[in-house]
Amino acid sequence: MIRKKILIINTFPIKNAQGGGQKRQAALVEAYKRSFAQVQFVGIFFKDWYKDYDPTDIPLPAHLTPEVHESPHTADMLSGRAIFTDPTVKQKMTRLLCTFQPDIIEVEQVFPYLGLKQLLEELDMHPAIVYSSHNVEFSHKREILESVGMEKTRIDSFVEEIEAAELDLTANSDLVIACTQADKEFYENHGARRAVLARNGMAPIATTATAVEHWKKHFAKEHVNKKALFVGAAHPPNWVGLRQMVGLKVGFMPFDARIVLAGGIADHFRDAITEEYNPEHATFWQRVELVSRPSDESLGALLHVTDAIILPITEGGGSNLKTAEAILADKPIVATTHAFRSFESLKQLPNIYLADTPEAFRAAIVTALQTPPKKRTDEEQKLAQTVLWESCLKEAVNEVSKL
Amino acid sequence: MTKRVWIDMTDMRIWSGHMTGIQRVVYLNAKRFVASKEHDARFFAYSDTYDVFEEVDFAEIEQRIEYVPEEEQVAPEARSRSLKQLVKAAPRAVVRRVSPRVKERIPAEIKQGMKGGYRLGVGLLKRSKHAVKRRLRPVAPPQLAQVTFGPEDTVLIMGKSWDFPAMIPTLGRLKQAQGFKLIHLVHDMIPTLQPHCFGPGLFEPYTKTLFEVCALSDGILTQSKATATDVERFCKLLLIPAPPIKTVRLGDEVLDIDLPADEPSPDARIKQGEFVLQVGTIESRKNHQIVYLAYREAALRGIQMPTWVIVGSQGWLVGDVLWQMMHDPAVKDNIIILGGVSDRTKLWLFRNCRFTVYPSTYEGFGMPVSESLAYGKVCITSKTSSLPEAGSGFADLVSPYNTEEMLQAMVRYTDDAALHAREKEVAKYKPASWDGMFKDVSAFIKTIA
């Protein structure tokens, strides 16, 4: 066990992790706990969005609520800045830093750095800094804000702030952990002293016989013989990708097949596909089924019973937890090339259909549902297991331990 | 294994004296399947209660239809209505009993709101009824003769499958399990393409049913090339791989009743040769509005118009226009609305009208147009959708949205010479036969099977 103390700071909690970012963070914290004697995680977050959090997490005070509502897609920046600018948050962070006295601080995504840098300077603390990136944030934020229709000058202002902080953090951290090979190269080209790749992975898929039986009965009752599953949060790259690569016209799906949307993405489509007298909206539900916010157990069961997994991801940085999940599930996968970012070596596994146009993607879904899948060899199974978190984070944890 | 053709007779199960256009298509083709012996024809109906398909005896249906006394062949005020239809008609019956003076005092917005609320309620009730039915569906009793469609069989549906939202999906599951072919006649796509012509509650079940029909059918029949194009476009829009589509021509219905030349008028107000006839359901899509406005314009200009005789029951979204027509001092005395009539009366009206009008905005075919031509009568109809096809080059075509065009077309035939000249051309029209339709349907089945 390494005797150094490591503090990880993010802008969301990780208790009962649901989303991809939370799961990555939770996996990193667990990995550090296996190597470091003292590990502390703190999430600075907006309370209305997370029902589960730990006592050590810091909710944003109520007076910041209007600001969050006004610009929800920059709430992470607000959380980061609050470390220095909000008296309540600053006081709690100061107490934590002074009490814990971390040897290493891992800044998750760039946002905590917006306030942390000034606080550390004020406290005259100089721990080793690790920048753990989930995406190249400034370009990722621009994509998100453009997709929600924010006015250009505002977007430019936010992006400028993030870019400055991200490049500063890259150049001044002792280690950069990147999610994809492309991101790693970006940071190396922008002044990173050391960079290591830790792509997204997965915990082993867990479920119960009861949950599996529930979904088998459900689909049998609905007379659904073939399912193509897409799991995702209501995060713009998810629904943008689905709309682009699959669309709302579902006549291509066989009569007894369904696209099953699980997670926050289900809520997005439930709220979006409501236009009266629109034939696409009226018939969308003939071939699409929603599973809103499934538990981990339920999700595991869906992955077990599905006949194919679709990954219509066309944008967004980082590597895709959904891709890791799909590979681990050992089901036919229909994906864009973009979805396999940082999983390039795994494209050789059997039952993977890559398609980068809507026509090819839809045709691939039908083929994947109608073609009996090939069984993986032992070698292929071993390769697939490299998507587990343990394997993905090993090198990064090793590098951090050397700091 | 024997190849059978199973013909859907669900529409004929609850029959109440007068056949609708769709029922005529189903029945007259079914008769020919029995007579021809070209196919091993069997008949079935869908049970919404048990969600099963049961075999039915065509002879029993034939007897009910062929031997109904003439006085009972009046629609929709038929005496022998099923309870379901009586319940459906009850609100209208109540409204009819309210004094006109009372009705006049109710503001138009309130009446509109009440109508909208009623239709919305009916739609919601139907949907919840179907949802409850799905959950509480009883098991079919053993004595119900459930059909087993064989893998070499063809199932032919020419009726209103959209009236039973579970029918096509249930058939689809059977098809996947048993492997038979499915051929479906799509009469039209109007509730999907022109939802504004109907009240709330029809667009969704209709569109969903058509979606599954297109997805599941091995072949689709349509009544016009215009409807075939609509189906192709619908499939393309929703990325459904379109099955083969064949257009078949409906037979023209010329009533075979012995009616003497001196048969008196059924209504003293209707004089031989001095009226314009419009036959068909009175609903907004049939566009009585434009004829009314043309009559109004004629009144304004002092043009004497023939009496306008309207035959048909009241349908969607037409209450306000009817009220105006019946109360407008400029035209009300020149309009006679007969509602449903017997075949005998209908024959008299066709034989003795001056000409007919049918300015519908959208049709799947337009039977009243070809009927009119089959009777040798000039017909003014629309230049949209399938109506030019129904006119076969012998009808006068006008824009259904241009009052002046409509008026001028009608005024032209107030002149005897012009009318007779046109009638000479219309006399060249060759009526289509139900035998012809059956032949095409039969050939299509053989292609698909």
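For the structure, see preceding data.
Quick summary incoming for the structure in this document. Treat the numbers as computed from the prediction; the structure is a model and nothing was measured.

### Comments concerning the overall build of chain A
Along chain A, the regular secondary structure elements total 17 helices and 13 strands. The C-alpha atoms of chain A give 22 Å as radius of gyration, which agrees with the globular expectation for 403 residues (22 Å, within 12%). Structurally, chain A occupies a C-alpha span of about 65 × 50 × 40 Å along its principal axes. Within the span of chain A, comprising 403 residues, buried residues form 58% of the whole. Counting contacts in chain A only where the partners sit at least 6 residues apart, residues at least 24 apart contribute 72% of the total. Seen as two clouds, the 45 positive and the 53 negative side-chain charges of chain A have centres 5 Å apart.

### A short note on the sheet that holds strand β2 (residues 36–45) of chain A
All names here are of chain A. What the seven strands build is an open sheet, ordered β3-β2-β1-β4-β5-β6-β7; its pairing is parallel. The strands lining the two open edges of the sheet, one partner per strand, are β3 (58–59) and β7 (195–197). Of the pairings in the sheet, the one linking β2 to β3 comprises two bridges and is parallel in character. Bridged to Ile 44 within β3 is Ile 58. Along the sheet, helix α8 (residues 181–189) makes contact with β5 (128–132), β6 (175–178) and β7, crossing β7 at roughly 180°.

### A look at the pattern of salt bridges
All told, the structure shown has 46 salt bridges over all chains when counted by the stated rule. The partner of Asp 156 of chain A in a salt bridge is Lys 152 of chain A, with the nearest N and O atoms 2.8 Å apart. Note that Asp 156 of chain A and Lys 152 of chain A are positioned in helix α7 (residues 152–172) at a spacing of four residues, about one turn of the helix. With a closest N to O distance of 3.2 Å, Glu 363 of chain B and Arg 285 of chain B form a salt bridge. Taken together, the positions of Glu 363 of chain B in the loop between β11 (355–358) and α14 (367–374) and Arg 285 of chain B in the loop between β8 (275–279) and α11 (288–301) put the pair 78 residues apart, joining distant regions of the chain. A single burial state applies to Glu 363 of chain B and to Arg 285 of chain B, both of which are buried. Among the charged side chains, a network of salt bridges with common partners joins Arg 142, Glu 146, Lys 152 and Asp 156 of chain A.

### Looking at the interface of chain B and chain A
Taken together, the contact between chain B and chain A spans 21 residues of the former and 18 residues of the latter. Buried surface at the junction of chain B and chain A, both sides included, amounts to about 1,800 Å², of which 68% is carbon and sulfur. Sorting the residues of chain B by area buried against chain A places Phe 203, Phe 211 and Leu 239 of chain B first, and these three jointly supply 30% of that buried surface. Salt-bridge contacts for Arg 287 of chain A lead to Glu 212 of chain B; the nearest nitrogen and oxygen are separated by 2.8 Å.

### Describing the environment of Thr 56 of chain A
Residues and elements named next belong to chain A. Looking at the element boundaries, Thr 56 is found in the loop between β2 and β3. A relative accessible area of 40% means that Thr 56 is categorised as partly exposed. Remark: the alpha-carbon pair of Thr 56 and Leu 96, spanning 40 residues in sequence, is separated by 9.0 Å. With sequence-adjacent residues up to four places away left out, Thr 56 is seen in contact with Gln 40, Phe 41 and Val 42.

### Considering the packing of aromatic side chains
Inspection of the entire model under this criterion finds 28 aromatic pairs over all chains. Look at Tyr 277 of chain A and Phe 203 of chain B: their rings are 5.4 Å apart centre to centre, the planes differ by 80°, and that puts the pair in the edge-to-face class. Taken together, the residues span two chains, with Tyr 277 of chain A in the loop between α11 (264–272) and α12 (279–284) and Phe 203 of chain B in helix α9 (residues 203–216). A relative accessible area of 36% places Tyr 277 of chain A in the partly exposed class.

### Re the environment of Val 42 of chain A
Within the fold, Val 42 of chain A resides in strand β2. Note: C-alpha distance between Val 42 of chain A and Glu 143 of chain A (101 residues apart in sequence) is 27 Å.

### Concerning the pairing of β5 of chain A
Residue and element names in this part refer to chain A. The buried fraction of β5 amounts to five of the five residues, a majority that puts the element mostly inside the structure. Alternating residues of β5 divide into Ala 128, Val 130 and Ser 132 and Ile 129 and Tyr 131, and every residue in both groups is buried. One ladder, built from five bridges, connects strand β4 (residues 104–108) with β5; its direction is parallel. Looking across to β5, one finds that Ile 104 is bridged to Ala 128.

### So, the nonpolar core
A general feature of soluble globular proteins is that nonpolar side chains tend to end up buried together. Grouped together as the largest cluster of nonpolar side chains are 175 residues, with contacts concentrated most on Ile 310 and Ile 365 of chain A together with Met 9, Leu 156 and Met 410 of chain B. What Ile 365 of chain A contacts, discounting residues up to four positions off in sequence, is Ala 228, Val 246, Phe 252, Met 253, Ile 310 and Val 334 of chain A. With 46 residues, the next largest nonpolar core counts Val 42, Ile 44, Val 89 and Phe 100 of chain A among its residues.

### A few points about the environment of Gln 272 of chain B
Residue and element names in this part refer to chain B. The residue Gln 272 is located in the loop between β7 (245–247) and β8 in this model. Gln 272 sits in the exposed class, given a relative accessible area of 51%. Separated by 80 residues in sequence, Gln 272 and Asn 352 place their C-alpha atoms 5.2 Å apart. Polar side-chain contacts of Gln 272 include one of 2.6 Å to the side chain of Asn 352.

### Concerning the packing of helix α3 (residues 75–85) of chain A against helix α4 (residues 87–100) of chain A
Residue and element names in this part refer to chain A. Axis separation between α3 and α4 bottoms out at 6 Å; the angle between their running directions is 75°. Between α3 and α4, the crossing angle belongs to the class labelled roughly perpendicular. Of α4, the residues touching α3 (which contributes Ala 82, Ile 83, Phe 84 and Thr 85) are Pro 87, Val 89, Lys 90 and Met 93.

### Considerations on the sheet that holds strand β1 (residues 4–8) of chain B
Backbone hydrogen bonds are what pair the strands of a sheet, in a parallel or an antiparallel way. Residues and elements named next belong to chain B. The seven strands lie next to each other as β3-β2-β1-β4-β5-β6-β7, forming an open sheet whose pairing is mixed. In this open sheet, the two edge strands, each paired with only one partner strand, are β3 (52–55) and β7. If you compare each strand with its neighbour and ignore which way they point, the axes differ by 25° on average. The pairing of β1 with strand β2 (residues 40–47) spans five bridges and is classified as parallel. Its bridge partner lying in β2, Arg 4 is registered against Asp 40.

Reading the values: the criteria
Residues numbered from 1 in each chain as written. Chains lettered and ligands numbered in written order. Predicted model: local features only at pLDDT ≥ 70, side-chain atom pairs only at ≥ 80, totals over all residues. Heavy atoms only, no water. Helix = DSSP H or I, 4+ residues; strand = E, 2+ residues; numbered from the N terminus. Rg over C-alpha atoms; globule rule 2.2 N^0.38 Å. Buried < 20%, exposed > 50% of the residue type's maximum accessible area, 1.4 Å probe, protein only. Contact = heavy atoms within 4.5 Å. Lys, Arg positive; Asp, Glu negative; His and termini not counted. Charge placed at Lys NZ, Arg CZ, Asp CG, Glu CD. Pairing = 2+ DSSP bridges. Axes fitted to C-alpha atoms, helices over the stretch in contact; angles between N-to-C directions. Salt bridge = Lys/Arg side-chain N within 4 Å of Asp/Glu carboxyl O. Buried area = accessible area lost by both parts, 1.4 Å probe. Phe/Tyr/Trp six-rings, centres within 6.5 Å; stacked < 30°, edge-to-face > 60°. Core = buried A, V, L, I, M, F, W, Y, C linked by side-chain atoms within 4.5 Å. Polar contact = N/O pair within 3.5 Å; in protein donor to acceptor, adjacent residues only side chain to side chain. Parallel < 35°, antiparallel > 145°, perpendicular 65-115°, else oblique.

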